[in-house]
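Here's the letter readout for the chains.
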Amino acid sequence: MATPTSTAPSDRRDPDPGQLSRIDELSSPWPRITGRRVLTVATLVGAVAWSVDGSGFSAGALADGLPNIADFLARMWPPDFSQMGRVFALLMETLQMAIIGTILGSIGSLLLAFAAADNIASRPVYLTARFLLNILRSIPELVFALIFVSAVGLGPFAGIMALALGSFGTVGKIYAEAIEAIDPKPVEALQAVGANKAQTIAFAMLPQASPLLASYTLLLWEGNVRAATILGLVGAGGIGLELTTAMRMYDFGHLMAIVLSIVVMVTLIDRLSAYLRGRLT
Amino acid sequence: MTGRDRSNRVDERVSDRSARDPGHAGREGSADLATAKVTLPSTDPAFARIVTAGNRAATVVRARDLAVHFGEVRALDGVDLEVRDGEFIALLGHSGSGKSTFLRSINGLVEPTRGTLEVAGRTLPGLGRDQLRGLRGDVGFVFQQFNLVPRLSALTNVLVGGLPDARVAPSLAYRFSRDQRRHALELLGQLGLLPRATQQVRHLSGGEQQRVGIARALMQQPSIVLADEPVASLDPKLAGSVLEDLRRLARERGIPVIASLHVVALARRFADRVVALSDGKVVFDGPSHDFTDEEVRRTYGYADEYGTE
């Protein structure tokens, strides 16, 4: 029966009845229904139902409102580019705020991440840093902007500080997780040569984590460009003030020009960021 | 190598040091590692050891009734052993016999539960944190998985071995002295890796990576080199050449090497001395040519010299 090329083991044993029923069970092509799976699906369905109910989501209302959207968009057309010079200058200010905010934010986030990585920090430091990050993450950037406007006055400087603090909450934790995910073997080697802790971080940990850290930093920068466009709402610099003023003044042509300009800038930055991230690995 | 040869070499090192190294000047940059080693500052225990060596080869490691217990597990259970300059020792024994624990206790990664361990003039247990760092700086360690930093160049990975000697602030910005860089490059050259110096080590072959690991250990100007299964991740041809490098290290530079191996044939071929462990106890200690099939059976419980069943 067995050909010379057969891979069947020569010492094959007959399966006992328990094995046979297990083979029958696992060979069914249909997903197995387990208590855990039922619980997972029920939880997801429940969460969606609860949210639809509470948030007043209504497909009907959306369909009824479609003509109004079309009407609003029609009033915004054509865009009015007559004040393009000022729009461009404000866009550049927005971009500059995002760049400085991201640099300050990523430096601070990295320092916090050292304290929030369980392969660097002691347990009390780790828990304190994680707690601090949770607090920072739950405060909206607009609140930071308001705080800094009252501290340093109206203008882009307040916006930069808001973006920097907002960054801690956004990437502090994922930086820490990138550091925790490194291979511990080079760390062991650094300890074995007698290097100190700072040297171990600089030579064994950061080089391993750096591609991920750089990638997250670029994503943070993209996010900060978008966030910076609304900080002007509370007078913290950037194009936001111009945007809200145009809305309040029903200056829809100008509003459309601003929105289109933001779309172009955000798209260009997303492309640049994606290109840079692609070159990181 | 005879005792007389060894003592001559030790004397040479001492006189060589006094002749051309009144201070720290010659610390780096020597192409000849046998002389590079003597440029340690006079307060260094390794130097004191050389001076007091007298006519015999200096003892670098002395374990007395060394025991390491992890809870109920007796990883090492009363090991007495001396390691002298210039020896290449193969550490044999089945998995769990205590080989790794012995190596790790020598560089202070595990603490003795009982007994003492003298390593290059320091006595364990009882070292403070800084003394422990000093000890580790004096003991080169070569790992089975190389434990290099994959994204750093071969040169930078070797320079890592010089971190304890480098000034801390510049070192954090990856700045090393010209002498240190020259020394690292010379080591790479001696191991045939100079063309690879600026390449990231993740692009190197396994054998090349292990040579970078050896160069890193040598960069420490160690009193002893420990190698934990240094060739277990390499194919047989590369394994032979890496072991040859380690043997030359012991013979030509006088740095004792202890390598744990799991292939008896490699131990017989390359090592001067075999130390076999079983259940944390030394069951054989002698010249490698005396490690007969009978001894293999006593150590492993079977006689296949490849130790692979």
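Nothing here was measured: the structure is a model prediction, and the numbers come from that model. (Residues numbered from 1 in each chain as written. Chains lettered and ligands numbered in written order. Predicted model: local features only at pLDDT ≥ 70, side-chain atom pairs only at ≥ 80, totals over all residues.)

*Asks:* Got a minute to help me understand the nonpolar core in this structure?
*Replies:* In globular proteins that are soluble, nonpolar side chains generally tend to be buried together. The biggest cluster of nonpolar side chains holds 142 residues, and the ones touching the most others in it are Ala162 of chain A together with Val158, Leu246 and Val257 of chain B. Here the element with the most residues in this core is helix H9 (residues 197-231) of chain A; it accounts for 15 residues. Non-local contacts of Val257 of chain B, meaning those with residues more than four positions away in its chain, are made with Phe88, Ile89, Val225, Ala227, Leu246, Leu249 and Ala250 of chain B. (Core = buried A, V, L, I, M, F, W, Y, C linked by C-beta atoms within 7 Å. Buried ≥ 20, exposed ≤ 12 C-beta atoms within 10 Å, placed from the backbone. Helix = DSSP H or I, 4+ residues; strand = E, 2+ residues; numbered from the N terminus. Contact = placed C-beta atoms within 7 Å.)

*Asks:* Sorry, what's going on with the interface of chain B and chain A here?
*Replies:* Quite often, the size of an interface is put as the accessible area lost when its parts meet. Every contact between the two is made by 21 residues of chain B and, on the other side, 18 residues of chain A. Within the residue set of the side of chain B that touches chain A, elements represented by two or more residues are helix H5 (129-138) and helix H7 (168-172) of chain B. Across the side of chain B that touches chain A, the residue classes break down as ten nonpolar, eight polar and three charged. (Nonpolar A, V, L, I, M, F, W, Y, C, P; charged D, E, K, R; others polar.)

*Asks:* Can you walk me through the pairing of strand S10 (residues 281-287) of chain B in this structure?
*Replies:* In summary, the side chains of a regular strand alternate between the two faces of the sheet. Summarising the sheet, strand S9 (residues 273-278) of chain B and S10 of chain B pair through six bridges and their orientation is antiparallel. By the bridge assignment for S10 of chain B, Leu277 of chain B is matched with Val282 of chain B. (Pairing = 2+ DSSP bridges.)

*Asks:* Help me understand helix H5 (residues 123-138) of chain A in this model?
*Replies:* In an α-helix, one turn spans 3.6 residues; hence positions three or four apart end up facing the same way. Residues and elements named next belong to chain A. For H5, which comprises 16 residues, the first-to-last C-alpha distance of 23 Å matches the rise-based estimate of 22 Å (1.5 Å per residue) to within 8%. Within H5, the full set of buried residues consists of Ala129, Leu133 and Leu136. Viewed end-on, H5 has its buried residues packed into an arc of 65°, placing them on one side of the element. Across H5 from its buried face, at more than 90 degrees, point the exposed residues Arg123, Pro124, Phe131, Asn134, Ile135 and Ser138. (Expected span 1.5 Å × (residues − 1). Arc of directions from axis to C-beta.)

*Asks:* For this particular structure, what's the right way to read the pairing of strand S8 (residues 257-260) of chain B?
*Replies:* All names here are of chain B. Every second residue of S8 is oriented toward a common face, with Val257 and Ala259 on one face and Ile258 and Ser260 on the other, all of them buried. As paired elements, strand S3 (residues 88-92) and S8 share four bridges and run parallel to each other. If you follow Phe88 over to S8, its bridge partner there is Val257. Both strand S7 (residues 224-228) and S8 contribute to a ladder of four bridges, which runs parallel. When the sheet's bridge partners are listed, Asp228 is paired in S8 with Ser260.

*Asks:* When you look at the sheet that holds strand S6 (residues 139-142) of chain B in this model, what are you seeing that I'm missing?
*Replies:* Sheet strands line up and pair through hydrogen bonds in the backbone, either parallel or antiparallel. Residues and elements named next belong to chain B. Strands sit in the order S6-S7-S8-S3-S9-S10 across an open sheet of six strands; the sheet is mixed. Each end of this open sheet is capped by a strand with a single partner; those strands are S6 and S10. With direction set aside, neighbouring strand axes in the sheet form an average angle of 15°. Strands S3, S7 and S8 of the sheet are contacted by helix H10 (residues 236-253), whose axis makes an angle of about 155° with S8. (Axes fitted to C-alpha atoms, helices over the stretch in contact; angles between N-to-C directions.)

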